There are 2 protein chains.
Amino acid sequence: MSKSERLIFLPLGGAGEIGMNMYLYGYGPKGKERYILVDVGVTFPTMDGTPGVDLIMADTAYIEARADRLEAIFITHAHEDHIGALGLLYGRLGVPVYTRKFTGAVARAKMEEHGQDIDRIEVIGSYPEMVELGPFKVGFMPVSHSIPEASGLVIDTPKGRIVHTGDFKLDPDPIVGEAYNPALYREIAKDGVQALVCDSTNVFSPLAGRSEAGLGGNITQMMKEATGMVVATTFASNVARLKTLAQAGVDSGRSVVVLGRAMKKMLGYANFAGLIDNFPPTLDIEDARDVPRENLMLLVTGSQGERRAASAQLANGKYLGMELREGDTFLFSSKTIPGNEIGVGRIMNSFSEMGVKVIDDNGGMYHVSGHANRPDLEEIHGIFKPKMLVPMHGEHRHLRAHAELAESKGIQAVIAGNGAMVDLGGDAPKVVESIETGRLYLDGKQLIGAYDGVVLERMRMALRGTVVVSLLLEDNQQIGESWAEVLGLPETDSNSPSLQETLEREIDGELSGAKRNLLASDEQLEKLVLRTVSRVCKDLTGKKPVAKVLINRLVD
Amino acid sequence: MSKSERLIFLPLGGAGEIGMNMYLYGYGPKGKERYILVDVGVTFPTMDGTPGVDLIMADTAYIEARADRLEAIFITHAHEDHIGALGLLYGRLGVPVYTRKFTGAVARAKMEEHGQDIDRIEVIGSYPEMVELGPFKVGFMPVSHSIPEASGLVIDTPKGRIVHTGDFKLDPDPIVGEAYNPALYREIAKDGVQALVCDSTNVFSPLAGRSEAGLGGNITQMMKEATGMVVATTFASNVARLKTLAQAGVDSGRSVVVLGRAMKKMLGYANFAGLIDNFPPTLDIEDARDVPRENLMLLVTGSQGERRAASAQLANGKYLGMELREGDTFLFSSKTIPGNEIGVGRIMNSFSEMGVKVIDDNGGMYHVSGHANRPDLEEIHGIFKPKMLVPMHGEHRHLRAHAELAESKGIQAVIAGNGAMVDLGGDAPKVVESIETGRLYLDGKQLIGAYDGVVLERMRMALRGTVVVSLLLEDNQQIGESWAEVLGLPETDSNSPSLQETLEREIDGELSGAKRNLLASDEQLEKLVLRTVSRVCKDLTGKKPVAKVLINRLVD
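Residues numbered from 1 in each chain as written. Chains lettered and ligands numbered in written order. Predicted model: local features only at pLDDT ≥ 70, side-chain atom pairs only at ≥ 80, totals over all residues. Heavy atoms only, no water.

Some words on a negative patch on the surface
Judged by side-chain charge, Asp-284, Glu-286, Asp-287 and Asp-290 of chain A come together as a negatively charged surface patch. Following the sequence through the fold, Asp-284 of chain A ends up in the loop between helix 8 (261-272) and helix 9 (285-288). (Patch = residues over 30% accessible without salt bridge, like charges linked within 9 Å, V, L, I, M, F, W, Y side chains within 5 Å. Areas by Shrake-Rupley, 256 points an atom, 1.4 Å probe, with all protein chains shown as cover. Salt bridge = Lys/Arg side-chain N within 4 Å of Asp/Glu carboxyl O. Lys, Arg positive; Asp, Glu negative; His and termini not counted. Charge placed at Lys NZ, Arg CZ, Asp CG, Glu CD. Helix = DSSP H or I, 4+ residues; strand = E, 2+ residues; numbered from the N terminus.)

In structure tokens form, the structure reads like this:
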């Protein structure tokens, strides 16, 4: 180990935001580091900032420029914000992808969907099994979370051991998957941990987290008291919760039907990974039609109010022949992610209009979080006793609070948002470079840069409407009349000429008064027309639309 | 009183939603009822469903068709969702507007802003003062809420007394304005209440509401512990909270500066109404520049993350020469309204990046709600002992829960969303007609109907982009080449011809192969071009844009 070698951590996504996780670790002389990439996730678009976009992910430009030095990719778990962009971006990365078994099944499906080679997915076991890759030795450290086989990473380097927690909670009885195992963590920590790179999502939750196992009783009680059919939703990938819900269904005398396709898929993967041998019996939808509704429990997707999911379809009417009625109960065994409140509220109100009783987690009875709360974070800090801590998986305020929490216990910490390259090799974490990072949008079929202007133009059209003017000229004189096509602007009241008429009249007036050499210049002519469009629209509608001018010149 | 006369309640806005309150009461023979209108509020647009819209309000068409039978308007309090459309819609209503003094000051400003006659605002006192209007006698019943002089209405009719609560909470010490007065309410109820029309906002909050007076100690303590400047935000109209915050500032040894313009206005109205004689001393911003920052407390607008408010401007840099620095504290003495989480989070993270400590109401220490919680609603039901209850001011699920709560205590209730006309004259509330209701959008300068299609077209452009094609024909043959203007669609990758080029080539190809009589028909030609645009865009981008065709025909 030369003194000039450095151990770096570079978040490309997921730091300063919750979503699109992508973290790069590097080791070697500056400019010659070997890399491993952790997670290739997505974040979801909003009408507010990214209308029409399908998915958002971190820009891989920094890695692509150093692709020959990338050893491998590790996926910590199969949540979309950690694995969702794997198939989309794999063509730009092209190295082996290490996962555990359940995550590997999901990863293969993601690769296949985008025409990538599924054999690049390498399934390995958990710590103490480790893979040697250049200067790194890496192993999966089991954690409990809200999806099976979630894992942190133990990353050994010439400058010491790094523990990357991934998303985690401390659950002694997670129903499916590995329980919180402090003995294993102590074993991992026993020779010292150079750096802990740690989930920050729930740093503002002041009470210790609760166990998945605590929910079954509440949910069973609720389902026993329910008079009609019960429909429950949660994240499809939360296999433990699916089991908790299904078991509660059975225990309350109901036949359980898994309706959501995404849920069926996840149960299939969990089955393949050997994780749910004792899942309660379920009924096919075809056989459920004869069961009295008070003896039925449906599991459906759409806990976040997604417009096309089963919950939304049931809120609008039928789904796969099933229909909710007055006296039925709908349970959100989930938390509403910030930004989804209005969509979830819409569904709740539709159910309310049908006379369906809606139960959510307002009272904390029917859901537990998959992330470590503040006291849990303190417990983990205490177990790993790292020399330094780098908070990840949080907005800036989460990272700050987590860094402050660590420092209050004497652990050196640094706040590193996306693009902040942190040197982990010394006695304290230090930001040594600032890398330009960005986002890629999947927009229909194409990956585009967030700053390409395409989405900005769409937002402008949504806010201000659009006017396109077509002109015809010959010998630098207008032929006929202009045509102004107006999109998304309100009409004038019925007593006045229409906006289109006024625009065309005013443009023709300006053109007839304009000098010949102005009309000869596309640039000046365009400027004149744009100015006229702005003025007329501002006057009549109060808005300045996005405007384009099509100048057609007749040439013989 | 003839048997054919009826007493009706018709929500036009605010029932089945939280926002744009507008309620109509009628009395008389069917088709000849005399009316009073309660509240003329707005709701706020979102990028999600109403991009580019400025304000949303209830459609007054039903009232306009019966304008000669409208006696008066009553405004319960000066929150935007109760008064915000008064100036905009007054031209369609044209009857006297009754308010109390503080609300009257706000109402006059709204009228003036839209060129309406401010003398139509009639300021009256509170119950037992009552105004006689046709079959009604109406008085303002003081309630506590989060704005001064909030009021319910006592509405006497030949079929009995109605109590319309407006927005209310039960606060024995609201700091500014009238305290909860059960003795007065018992007095109002003593001869029987035919119907209670009641706020439902907080029906899902299981614990009794807390008093504004309980906040001062917590906030003062927090401000004493803060090391730098403290900046606090809340709703500008929450004059009691402004006082609580200012007093805490003074008590923690700080000079208080009111920065937000909306706050200054509200304090001015409160002063005019004689409500804040004992407001703590404040400093002008000019004089604050010499005060050490640890002795300063600023009051600013923007508790909901509004992009143009003081809080957002401070998050981006300077506002009126003031700037936040590392070590300062920013307090959200407010609740984030659903839908605003992302905007508020954005500001919190900007402050966090500056090193500013952000405190919100997560722990319930620095804010109390202005609405009655579930036990408070039960208390009010118990005091008024109405024959029937109609829940208002809530989404459908709130109305349902409130109706169920009333019925569990033996009070007849009905769920009446916007447009459900309820007969209040019998022994139980009964929906007797269903009226078509709608929404009006203020879009720039114009009021447009929600279903005019203008906003829908803007949303389509935002989701799918836009293509406008211009064609020139002479003698039913294309002259030159087509022009396809592409807005908000991603470009093809750089190795292929651009989307615009491909569109134009394909359109020209289709046109050159088309029969002369197809080209002669605008309709068929348009169809052909639209089909081509859809096909090419779907192929290359995966999207089907909003498309328009401009057909120019040369005629000699």
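Topic: the packing of aromatic side chains
By the definition in use, this model includes 18 aromatic pairs over all chains. Here the aromatic rings of Phe-9 of chain B and Tyr-25 of chain B are separated by 5.1 Å at their centres, their planes lie at 45 degrees, and the arrangement is tilted. Within this pair, whereas Phe-9 of chain B is found in strand 1 (residues 5-13), its partner Tyr-25 of chain B is found in strand 3 (residues 22-29), the two being separated by 16 residues in sequence. Grouped by ring-pair contacts, the aromatic residues Phe-9, Tyr-23 and Tyr-25 of chain A constitute a single cluster. (Phe/Tyr/Trp six-rings, centres within 6.5 Å; stacked < 30°, edge-to-face > 60°.)

Section: the relation of the copies chain A and chain B
Under the fitted operation, chain A is carried onto chain B by 0.0 Å of movement along the axis and a turn of 180 degrees, and the coordinates agree to an RMSD of 0.1 Å. Taken together, the rotation and translation describe the operation of a two-fold axis. Taking C-alpha positions as the reference, the residue of chain A nearest the rotation axis is Ala-462 of chain A, at 2.6 Å. Both copies present the same face, since 100% of the interface residues in chain A are matched by interface residues at the equivalent positions in chain B. (Least-squares fit on C-alpha atoms with pLDDT ≥ 70 in both. Contact = heavy atoms within 4.5 Å.)

Description of empty space enclosed by the protein
Residues and elements named next belong to chain B. Summed over all chains, the structure comprises six cavities of 30 Å³ or more. Reported here for the largest cavity is a volume of approximately 70 Å³. In terms of lining, the largest cavity is formed by His-145, Ser-146, Ile-147, Pro-148, Lys-169, Pro-174, Val-176, Glu-212, Asn-238, Val-239 and Ala-240. Classifying every residue of the lining of the largest cavity gives six nonpolar, three polar and two charged. Of the domains in this structure, domain 1 (5-207 + 369-449) and domain 2 (213-359) are the two that each give at least three residues to the lining of the largest cavity. (1 Å grid on protein atoms, 1.4 Å probe; cavity = no way out; pocket = protein on both sides within 12 Å on 5 of 7 lines; lining within 4 Å. Points joined across faces, edges and corners; volume = space filled by probe spheres on them. Nonpolar A, V, L, I, M, F, W, Y, C, P; charged D, E, K, R; others polar. Domains from an automatic or database assignment.)

With respect to the UniProt feature "domain: Metallo-beta-lactamase" (unreviewed entry) in chain A
The residues that UniProt annotates with the feature "domain: Metallo-beta-lactamase" (unreviewed entry) are residues 19-219 of chain A. Regarding residues 19-219 of chain A, the helix share stands at 21% and the strand share at 28%, and the terminal C-alpha atoms are separated by 30 Å. (UniProt positions renumbered as here; feature names shortened; annotations may be inferred.)

Looking at the sheet that holds strand 14 (residues 193-199) of chain B
All names here are of chain B. Judged by pairing direction, the sheet is mixed, and its seven strands sit side by side in the order 10-11-12-13-14-20-22 without closing on themselves. Among the strands making up the open sheet, the edge pair consists of strand 10 (131-133) and strand 22 (412-413). Note: strand 10 against strand 11 (residues 136-142), three bridges, orientation antiparallel. Within strand 11, the residue paired with Val-131 across the bridge is Val-138. Set on the sheet, helix 12 (residues 374-384) makes contact with strand 11, strand 13 (160-164), strand 14 and strand 20 (386-392); between it and strand 14 the angle comes to about 165 degrees. Each of strand 14, strand 20 and strand 22 touches helix 13 (residues 396-408); the most contacted strand, strand 20, lies at about 165 degrees to it. (Pairing = 2+ DSSP bridges. Axes fitted to C-alpha atoms, helices over the stretch in contact; angles between N-to-C directions.)

Considerations on unusual backbone geometry
The amide bond that connects Tyr-127 of chain A to the next residue, Pro-128 of chain A, takes the cis arrangement and shows omega of 20 degrees. The topology assignment puts Pro-128 of chain A in the loop between strand 9 (121-123) and strand 10 (131-133). Positioned with a positive phi, Glu-149 of chain B is a non-glycine residue whose angle comes to about 55 degrees. Structurally, Glu-149 of chain B is set in the loop between strand 11 and strand 12 (151-157). On the basis of relative accessible area, Glu-149 of chain B is assigned to the buried category, the value being 10%. Even without glycine at this site, Asp-475 of chain B takes up a positive phi of about 50 degrees. Its location among the elements puts Asp-475 of chain B in the loop between strand 27 (466-474) and strand 28 (477-478). (Buried < 20%, exposed > 50% of the residue type's maximum accessible area, 1.4 Å probe, protein only.)

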